[in-house]
Amino acid sequence: MDKPKVVLGVSGGIAAYKACELLRRLTESGHDVRVVPTESSLHFVGAATWSALSGHPVSTEVWDDVHEVPHVRIGQGADLVVVAPATADMLAKAAHGLADDLLTNTLLTARCPVVFAPAMHTEMWEHSATQENVATLRRRGAVVIEPAVGRLTGVDTGKGRLPDPGEIFEVCRRVLARGPVEPDLAGRHVVISAGGTREPLDPVRYLGNRSSGKQGYALARTAVARGARVTLVEANTGLPDPAGADVLHAGTAVQLREAVLKAAADADVVVMAAAVADFRPAEYATGKIKKKDGQEPAPIRLVRNPDILAEVAGERARPEQIVVGFAAETDNVLANGREKLRRKGCDLLVVNEVGERRTFGSEENEAVVLAADGGETQVPYGPKEALADTVWDLVSSRLG
Ligand SMILES: Cc1cc2nc3c(=O)[nH]c(=O)nc-3n(C[C@H](O)[C@H](O)[C@H](O)COP(=O)(O)O)c2cc1C
């Protein structure tokens, strides 16, 4: 079988060196990668590096090898074009259809999915010119992933950093797997909670649960690949931030509620995949609880935590908002799931059976998705991202 053909466009940002790692990931996973740098980007990484790592000749302009008509052929033959880093200048050129070098020509001739991974200073990213260009590209079907927050060139910190190359690779892998279809969540804001809350007893101990957050992260990664703006509210996962998602951190159920409700205010979809503690200790000991000779430990009194799923579903921030819940059950899985769907008032409920060695922490999952309109979708045992894609299929068919 022919290897999938990927064009890696590299424009002139300081993060161009990170594209070497992305190129390596793509080639090592069986993709045939043609690197098309801009002239500016060669100030950061030279053509020899791209040529040696990709095994293909490298050119920045349309006047080399003219007999092969590269300004048309490279784009026409591609299964995926990914531009990483994408400068403010490159986003502007792409949005306006300029074609003054090989990469911009390639972007006009490609009919495959296109992913842009912008990287620039926060001021450049937030400028209305850049934001309008990004909106134009997204409206036309490109996947433009949000930059990460962190250290920028020089002493500055803020939004604008190129996400981790391994995470950009994950976006590329998913976009390629979906094939040449429109990103159906483009223009949608989705909020996803992931992980498990921890309810502190004292400065060193907490009541927690076994949720790893992997299902929520799979939902976030697949939503980015389908074009959504993703806010991921994570609790205690320790997982690397998915490329393109705005990641907020919460520790306890109360903190998670606050972050989810705030993010949900303008969301089209809210997916509550986090395992939120139903109860928390009524008292928090400010010093470590000590054992005392000859005395039994004092019982821990619990109080109820807020029911975030019921609150989000019951008081929708927008009338057309879609709310998805998760039910982790150890027995009477389906019956408990149906009852929970009714009680919580959500549109979809993903019901899965959990146990000490089941689901939690694993890369696979198996579930039934129950719908408020009576639908029932079985998702066979498989990768958590397959379940995530089924959830997005069901959500997508319900979005106006
Ligand atoms: C040291 C240095 C770092 C730069 N980093 C970035 C960057 O991260 N993002 C960006 O949009 N522009 C950056 N620029 C500006 C671009 O290189 C400049 O806009 C250039 O015209 C982009 O050309 P291209 O889009 O054809 O590659 C940087 C410039 C310099 C000198």
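Computed from a predicted structure; not experimentally measured.

Asker: With reference to specific residues and values, describe the UniProt feature "domain: Flavoprotein" (unreviewed entry) in the chain.
Answerer: UniProt annotation of "domain: Flavoprotein" (unreviewed entry) refers to residues 5–172 when read in the numbering used here. Along residues 5–172, the helical share is 40% and the strand share 21%, with 12 Å between the first and last C-alpha atoms.

Asker: Give a detailed account of a nonpolar patch on the surface, specifying residues and quantitative values.
Answerer: On the surface, Leu-207, Phe-279, Ile-300 and Leu-302 cluster together into a nonpolar patch covering about 340 Å² of accessible area. Relative to the helices and strands, Phe-279 resides in strand β14 (residues 279–281). Among the residues examined, Phe-279 registers a relative accessible area of 43% and is labelled partly exposed.

Asker: Provide a residue-level description of the domain arrangement of the chain, including the pertinent values.
Answerer: Here the chain is described as being made up of domain 1 (5–178) and domain 2 (189–399). Across the boundary between the two partners, domain 1 contributes 13 residues, which contact twelve residues of domain 2. Between domain 1 and domain 2, roughly 1,200 Å² of surface is buried when both sides are summed, and carbon and sulfur atoms account for 54% of that area. Summed over the shared surface of domain 1 and domain 2, the number is four salt bridges.

Asker: Tell me what's going on with the site of the ligand, and back it up with residues and numbers.
Answerer: The local shell around the ligand holds 15 residues, among which Gly-12, Thr-38, Thr-87, Ala-88 and Asp-89 are the closest. Ile-14 is positioned such that a nitrogen or oxygen atom in its backbone is 3.4 Å from a nitrogen atom of the ligand. Thr-87 places a polar side-chain atom, nitrogen or oxygen, 2.7 Å from an oxygen atom of the ligand. Notes on the ligand: free accessible area 640 Å², of which the protein chains cover 66%. Take the shell around the ligand: its biggest share by element is four residues, from helix α4 (residues 88–96). Here the residues of the shell around the ligand sort into seven nonpolar, six polar and two charged.

Asker: For the pairing of strand β16 (residues 322–329), give the residues involved together with the corresponding values.
Answerer: Summarising burial for β16: seven of the eight residues are buried, a large majority. Alignment of strand β13 (residues 269–272) against β16, held across four bridges, turns out to be parallel. Residue pairing for β16: Val-269 is matched across the bridge by Ile-322. As defined by bridge partners, β16 adjoins strand β17 (residues 348–353) across six bridges and the pair is classed as parallel.

The rules behind these values
Residues numbered from 1 in each chain as written. Predicted model: local features only at pLDDT ≥ 70, side-chain atom pairs only at ≥ 80, totals over all residues. Heavy atoms only, no water. UniProt positions renumbered as here; feature names shortened; annotations may be inferred. Helix = DSSP H or I, 4+ residues; strand = E, 2+ residues; numbered from the N terminus. Patch = residues over 30% accessible without salt bridge, like charges linked within 9 Å, V, L, I, M, F, W, Y side chains within 5 Å. Areas by Shrake-Rupley, 256 points an atom, 1.4 Å probe, with all protein chains shown as cover. Salt bridge = Lys/Arg side-chain N within 4 Å of Asp/Glu carboxyl O. Buried < 20%, exposed > 50% of the residue type's maximum accessible area, 1.4 Å probe, protein only. Domains from an automatic or database assignment. Contact = heavy atoms within 4.5 Å. Buried area = accessible area lost by both parts, 1.4 Å probe. Near = heavy atom within 4 Å. Polar contact = N/O pair within 3.5 Å; in protein donor to acceptor, adjacent residues only side chain to side chain. Nonpolar A, V, L, I, M, F, W, Y, C, P; charged D, E, K, R; others polar. Pairing = 2+ DSSP bridges.

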